[in-house]
Structure formats: structure tokens, C-alpha cells
Amino acid sequence: MNWQPGTVLELIEQTARTRSIVFDVPGWSRHRAGQHVDVRLTAEDGYQAQRSYSIASAPEDRHIELTVERIDDGEVSPFLADELLPGDEIELRGPIGGYFAWEEAPGTPVFLVGGGSGVVPLRAMLRHHRATGSTVPVRLLYSARSLEDVIYRDELTAADAGDVRLTLTRRQPAGWTGYGRRVDRELAAEVCWPEAERPLVYVCGPTGFVEAVAGALVKLGHDAARIRTERFGPTGGETP
Amino acid sequence: MTDSQALDGNAIAGTLVEVFGGDMTTAIGTCGHCGARGPMAEGVVYTRAPGVVVRCRSCTGLLMVITQVHDVFCVDALGLVELQAPA
Amino acid sequence: MTRITRGFHGRRRPDVDPARVPPGQYVTQDFPVLSAGPTPHGSLDSWSFTIRGQVDQPHTWTWDEFQALPHETVTRDIHCVTKWSKLDTVWTGVSLDTLLDGVETSAEYVTAFSDGGYTTNLPLEDLTGGRAWIAFSYDDEPLHPEHGGPARLLVPHLYFWKSAKWVRGLELQLEDEPGFWEGYGYHNYGDPWREQRYAGD
């Protein structure tokens with residue numbers, strides 16, 4: 001698995017703090033929904049920085065898309081979120097990671113839980129589910145600070161978005177009837193498929209979020225071996 | 001074990017490919033300190049260090065340390081009594 | 001051949017006197033947090049610092065006894081083996097000259113040991129002559145746990161992995177024993193100015 005150049009095709013503003021970057025990567029091997037890439041940047045004086053980013057696009061999508069959250073004081077994310085221009089080239093390595101990847105298993109419902117930028121690989125899974133015409137039940141529970149912080153907001157709130165439940169933890173719009181708190185055991189119990197249905201669960205986001213959600217689901221009786229986790233670190237964003 | 005500063009084995013998936021030659025995130029490791037078993041993806045991982053440190057999620061014991069010394073990877077996996085290749 | 005990424009600079013400090021930057025280092029404005037394990041959280045009531053090993057008897061200080069020792073504030077540059085350097089860092093601590101005063105030993109080597117099991121080794125001589133401290137304050141504030149608080153070893157003339165966080169004592173030894181990173185291929189001494197990052201450098 002070698003480093004290969006990826007050329008920026010398009011930049012899409014998602015929220016005030018996140019931006020999607022669509023890349024053309026010649027010779028890209030088809031990825032699995034949930035996998036990630038490593039990105040490497042090299043400055044003129046030879047200084048290098050490397051980060052991992054989940055692939056936001058489905059294997060069926062034409063080009064690979066990454067979604068970067070700008071972390072204040074970050075070294076790489078402000079560059080990717082603010083400075084990159086179409087035509088720029090960066091080095092990518094991947095696709096990587098067979099653990100946090102989803103393909104349909106007949107009869108197995110799927111529960112996806114994302115916190116902040118943790119929604120990125122889960123969105124790839126939802127797009128893959130739709131692109132393959134999968135009929136297994138899939139539900140996304142997405143925790144964001146406010147509606148303005150919901151990444152892929154149009155896509156996830158569209159009429160045909162599928163089963164998406166939002167919980168807005170800091171600020172809710174007037175008339176909001178959805179959840180308005182952090183994911184706790186009660187919320188998880190209400191939203192997750194019943195344990196008897198043996199769902200596959202994917203939890204992604206800041207480390208503390210993932211620990212809390214996975215812990216709550218295990219306490220509800222879900223088999224820990226059927227809960228897959230991906231931790232993004234303390235801020236949920238940039239960590240080398 | 002909860003350490004909100006830590007990552008998990010997904011974060012070093014690329015490094016593990018370099019070291020082991022393939023995806024190791026689903027490889028099952030057995031902790032030599034406490035006997036706990038689990039996929040490498042669920043190890044507690046510290047990457048902000050002079051090397052990569054993987055600890056057991058159950059007991060925090062050291063499972064594996066990976067350093068890169070002049071382009072050569074040095075892997076110490078003595079904390080694992082068993083590492084089963086992925087299916 | 002690695003491609004240069006247009007416009008990428010990282011978070012380095014510009015306008016730095018190159019004479020202050022050891023070979024292969026980049027000067028940062030942040031203070032990166034590096035760890036090999038979880039941050040220990042103990043109470044000051046149970047904290048102690050001990051000098052033991054090749055000594056007539058162990059010397060131990062409680063936190064209160066430690067705070068009562070003369071301490072000093074110093075400004076130093078620090079250099080991490082992961083290539084970042086930070087200039088003009090301000091620390092307050094007790095000099096190892098103070099702690100070693102009155103300690104008789106034939107030991108030539110030291111292993112510093114910390115909460116959480118971390119160790120690092122260095123020649124005893126490198127802890128003397130005003131070159132090392134047990135630091136409990138950074139930038140005029142109590143040393144934060146993620147940076148090694150309540151107290152860490154500070155030996156700025158060597159790569160910063162030798163400045164053991166959460167230090168609890170020194171083992172004085174006749175023989176040199178590689179510590180944590182030294183055992184995984186890092187240099188036994190670690191002089192940034194001779195770029196001694198790895199064993200054999």
C-alpha cells in the first residue's frame with residue numbers, strides 16, 4: 001500500500017467548521033464503506049505531517065470524498081479545510097481498515113451512532129446501503145451541537161434520507177421535537193434496534209463519546225462483539 | 001478503560017499494514033498480562049509519542065510498541081501472548 | 001520522491017535564529033502533548049519523590065517537604081525527538097543539585113521512574129551542574145497533568161523524552177540500564193545537537 005497523489009477536484013462547504021474535499025485518485029482501489037485514508041503533507045523545508053480521515057463517499061460514488069473538521073490550533077485540518085484549492089495535489093494512502101467497514105449481512109439490522117465528525121464514515125455506509133438497494137433496516141443516530149453543526153444536513157434531513165435521528169446537544173431550533181441531549185442509556189435504548197434482533201452497531205466520534213455510547217449499549221444487553229467502534233481522539237478531530 | 005486522550009487500533013491501521021504486510025485491525029490479540037482477547041482495532045492506542053504504543057483495553061498493560069528507527073520498523077509485541085491473523 | 005504540498009507550512013514559528021535549532025528540528029508555537037499511556041491522577045497527599053539505589057539510605061520528600069526546598073525559575077529551549085522544538089519555555093522547580101546535595105554515591109548512572117511505569121536513563125553527571133530540575137510549574141502555573149504534573153524531570157540539554165513526566169524518583173546505579181524508549185531503539189544518551197535520536201547515531 002503506497003502513497004499516491006490525489007488531485008483536488010471540488011471543495012464543498014458543509015458547515016462553518018467542516019468542508020468536504022473531492023479527490024481524483026488515479027488507480028484508486030474500490031474501498032469499503034467505513035474505511036479511511038492516511039493523508040501526508042510535505043512542506044518546502046521537508047517537514048511532514050500525517051493524519052487519517054474517514055472516507056465520506058460510498059464505494060459506488062465516482063470520486064472519493066473526505067470531510068475535514070477544522071480544529072482550532074490544528075496543524076493539518078486548517079490547511080485542508082481552508083487553504084486547499086482545486087487542482088492541488090496531496091499524498092494519500094489507502095483504503096485502510098477492515099474492522100470499521102460495513103457490507104450488508106442479510107437479516108441483520110444496522111445501528112449507526114455518530115458524534116460530531118464521527119458521522120463521516122457512517123454517511124459512507126448510508127450511501128452504500130442506498131446505492132446497493134439494500135433492504136436491511138439501517139438507522140443513524142447523529143449527535144451534533146446544533147442544527148448548524150449537522151454535516152451533510154440536506155442529505156440527512158431530506159425526505160428520502162432514510163431513518164436518521166438527530167440529537168442536538170447545545171442548541172435546538174424553535175419548535176424542535178427531536179432529541180436535545182447527549183446520548184445516554186435511555187436515548188440509546190429508545191433509538192437502537194432491540195437486542196433480540198442482533199443488530200450490528202457502528203459507533204464513531206470523539207473517544208469520550210464512543211466510550212459512553214458503547215458502554216450504554218453493552219449495559220442494555222447488546223453483545224460487545226457486535227459493536228464496532230472508531231475513536232477520533234479528545235477533540236474528535238485532529239490527532240496524528 | 002477510558003482515556004479520552006487515546007485513540008484505538010483503527011488510527012494505526014496504515015502503520016500496521018507497513019509493519020505486518022496487511023490489515024491487522026480485525027486480527028485477534030490475547031493480552032499477556034490479563035488474558036483479555038479482542039481485535040487490534042480495539043486496543044488503546046497512543047500515537048503522540050516517539051513511537052506507537054498499544055495497550056490492553058481491560059488492564060492497560062503494554063501489548064505492542066512500534067518505533068521507526070531510520071526507516072526500519074521495530075516492533076515489540078511481547079505483551080501479546082497470541083496474535084491471530086485476520087480471517 | 002515526496003511531493004511538496006503547495007501552501008502547507010505546519011504551525012512552525014517563523015523568524016527563529018537558526019543557531020538555536022538543533023539539526024532536524026522544527027520550532028513550534030504549541031506545546032504538544034506526547035504520552036505512552038494514560039495520564040496518572042494521584043493526590044498530592046500521597047506524592048513523594050525518592051532517591052534510592054546506590055545510596056547509604058533512600059532520601060524521600062513529601063510534597064510539602066519538596067515545596068519547602070529552594071526552587072528557581074529558568075527559561076530553556078526544549079527539543080523533542082519527534083522533531084519539534086519549543087524555545088524560551090519557563091519552568092520552576094527544584095534543582096537536582098539541591099536534591100543530590102548530601103547524597104553520597106558511587107553510582108554513575110540514573111534511572112528516573114514515574115507513575116504509570118515509565119522510565120528513562122541518563123548519566124548521573126548530566127543531572128548536576130545546574131542542568132536538571134524537578135519542575136512543578138510551567139509558564140508560571142502549576143504543571144498540568146497532561147504535561148507531567150504535579151512534577152516532572154526537566155533535563156533540557158537532552159531530547160525531551162529524558163524529561164520524565166510524572167516523575168517519582170531516581171534509582172542511582174553502577175550500570176547503565178536502558179529505559180522505556182531506549183529499550184525500543186532510541187539513543188542511550190540523546191544529545192539533540194549531535195542528533196542522537198536512535199541507538200547507534
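Residues numbered from 1 in each chain as written. Chains lettered and ligands numbered in written order. Predicted model: local features only at pLDDT ≥ 70, side-chain atom pairs only at ≥ 80, totals over all residues.

**Brief notes about the overall build of chain B**
Link 1 in the chain: A count of helices and strands for chain B gives 1 helix and 8 strands.
Link 2 in the chain: Helices (α) and strands (β) of chain B occur, in sequence order from the N terminus, as β-α-β-β-β-β-β-β-β.
Link 3 in the chain: Its C-alpha radius of gyration of 12 Å places chain B within 12% of the 12 Å reference for a compact globule of 87 residues.
Link 4 in the chain: With the C-alpha coordinates aligned to their principal axes, the bounding extent of chain B is approximately 35 × 30 × 20 Å.
Link 5 in the chain: Put simply, chain B has 87 residues, and 49% of those count as buried.
Link 6 in the chain: A separation threshold of at least 6 residues defines the contact pool for chain B, and within that pool the share at least 24 residues apart is 50%. (Helix = DSSP H or I, 4+ residues; strand = E, 2+ residues; numbered from the N terminus. Rg over C-alpha atoms; globule rule 2.2 N^0.38 Å. Buried ≥ 20, exposed ≤ 12 C-beta atoms within 10 Å, placed from the backbone. Contact = placed C-beta atoms within 7 Å.)

**Things to note about the overall build of chain A**
Link 1 in the chain: Secondary structure assignment for chain A yields 5 helices and 11 strands.
Link 2 in the chain: What you see for chain A is a C-alpha radius of gyration of 17 Å, in line with the 18 Å of a compact globule of 240 residues.
Link 3 in the chain: Seen through its principal axes, chain A has C-alpha atoms that stretch 55 × 40 × 30 Å.
Link 4 in the chain: The buried share of chain A, reckoned over its 240 residues, is 48%.

**So, the domain arrangement of chain A**
Frequently, the measure chosen for interface size is the accessible area removed from exposure when the parts meet.
All names here are of chain A.
Link 1 in the chain: In terms of domain boundaries, chain A breaks down into domain 1 (4–96) and domain 2 (110–231).
Link 2 in the chain: Once you take the C-alpha centre of each, domain 1 and domain 2 turn out to be 24 Å apart.
Link 3 in the chain: Taken together, the 16 residues of domain 1 in the interface contact 14 residues of domain 2.
Link 4 in the chain: Per-class residue counts for the side of domain 1 that touches domain 2 are 6 nonpolar, 7 polar and 3 charged. (Domains from an automatic or database assignment. Nonpolar A, V, L, I, M, F, W, Y, C, P; charged D, E, K, R; others polar.)

**What about the sheet that holds strand 7 (residues 119–123) of chain C?**
Residue and element names in this part refer to chain C.
Link 1 in the chain: The strand order across the open sheet built from 5 strands is 3-2-11-6-7, with neighbouring strands paired in mixed fashion. Among the strands making up the open sheet, the edge pair consists of strand 3 (59–62) and strand 7. Looking at each pair of strands side by side, their axes are set apart by 15° on average, direction ignored.
Link 2 in the chain: The sheet contact formed by strand 6 (residues 109–114) and strand 11 (residues 167–173) spans 6 bridges and is antiparallel. Of the residues in strand 11, the one forming a bridge with Ser-114 is Val-167. (Pairing = 2+ DSSP bridges. Axes fitted to C-alpha atoms, helices over the stretch in contact; angles between N-to-C directions.)

**Concerning the interface of chain A and chain B**
Link 1 in the chain: Contacts between the two partners involve 19 residues from chain A, matched on the other side by 20 residues from chain B.
Link 2 in the chain: Contributions of two or more residues to the side of chain A that touches chain B are made by strand 6 (89–96), helix 5 (207–219) and strand 11 (227–231) of chain A.
Link 3 in the chain: Each residue belonging to the side of chain A that touches chain B can be placed in one class, and the counts come to 6 nonpolar, 8 polar and 5 charged.

**A look at the sheet that holds strand 11 of chain A**
Residue and element names in this part refer to chain A.
Link 1 in the chain: Pairing is parallel in the open sheet, where 5 strands are placed in the order 9-8-7-10-11. The strands lining the two open edges of the sheet, one partner per strand, are strand 9 (163–168) and strand 11. Averaged over all pairs of adjacent strands, the angle between strand axes in this sheet comes to 10°, irrespective of strand direction.
Link 2 in the chain: Pairing geometry for strand 7 (residues 110–115) and strand 8 (residues 138–144), over 6 bridges, is parallel. Across the sheet, the residue bridging to Gly-115 is Ser-143, located in strand 8.
Link 3 in the chain: The strands touched by helix 2 (residues 119–131) within the sheet are strand 7, strand 8, strand 10 (200–205) and strand 11, with strand 8 carrying the most contacts at an inclination of about 155°.
Link 4 in the chain: Lying on the sheet, helix 5 is in contact with strand 7, strand 8, strand 10 and strand 11; it crosses strand 10 at an angle near 155°.

**Things to note about helix 1 (residues 13–20) of chain B**
Structurally, the α-helix is built with 3.6 residues per turn, so residues lying three or four positions apart point the same way.
Link 1 in the chain: Listed as buried for helix 1 of chain B are B:Ala13, B:Gly14, B:Thr15 and B:Leu16.
Link 2 in the chain: Taken from the residues just after helix 1 of chain B, B:Gly21 is the one with a positive phi, measuring 90°.

**Remarks on the interface of chain A and chain C**
Link 1 in the chain: Taken together, the contact between chain A and chain C spans 15 residues of the former and 13 residues of the latter.
Link 2 in the chain: Elements that contribute at least two residues to the side of chain A that touches chain C include exactly strand 3 (36–42), helix 1 (77–83) and strand 6 of chain A.

**Section: unusual backbone geometry**
Link 1 in the chain: Omega for the bond connecting A:Gly94 with A:Pro95 falls within 30 degrees of zero, at 5°, which places this linkage in the cis form.
Link 2 in the chain: Within the element layout of this structure, A:Pro95 appears in strand 6.
Link 3 in the chain: The residue after C:Gly149, namely C:Pro150, is reached through a cis peptide bond having omega 15°.
Link 4 in the chain: Looking at the secondary structure, you find C:Pro150 in the loop between strand 9 (141–142) and strand 10 (152–154).
Link 5 in the chain: The phi dihedral of A:Arg198 falls on the positive side, at around 50°, and the residue is not glycine.
Link 6 in the chain: Tracing the backbone through its elements, the reader meets A:Arg198 in the loop between helix 4 (185–191) and strand 10.
Link 7 in the chain: Since 14 C-beta atoms lie within 10 Å of it, A:Arg198 is described here as partly exposed.
Link 8 in the chain: Look at B:Thr60: it is not a glycine, yet its phi comes out positive at around 65°.

**Quick word on the nonpolar core**
Link 1 in the chain: Residues A:Leu112, A:Tyr202, A:Val203, A:Val213, B:Val45, C:Ile134 and C:Ala135 are the most contacted members of the largest nonpolar core, which totals 130 residues.
Link 2 in the chain: The element that contributes the greatest number of residues to this core is helix 5 of chain A, accounting for 7 residues.
Link 3 in the chain: Two domains each put at least three residues into this core: domain 1 (4–96) and domain 2 (110–231) of chain A.
Link 4 in the chain: Those residues in contact with A:Val213 that lie beyond four places of it in its chain are A:Val113, A:Val183, A:Ala188 and A:Val203. (Core = buried A, V, L, I, M, F, W, Y, C linked by C-beta atoms within 7 Å.)

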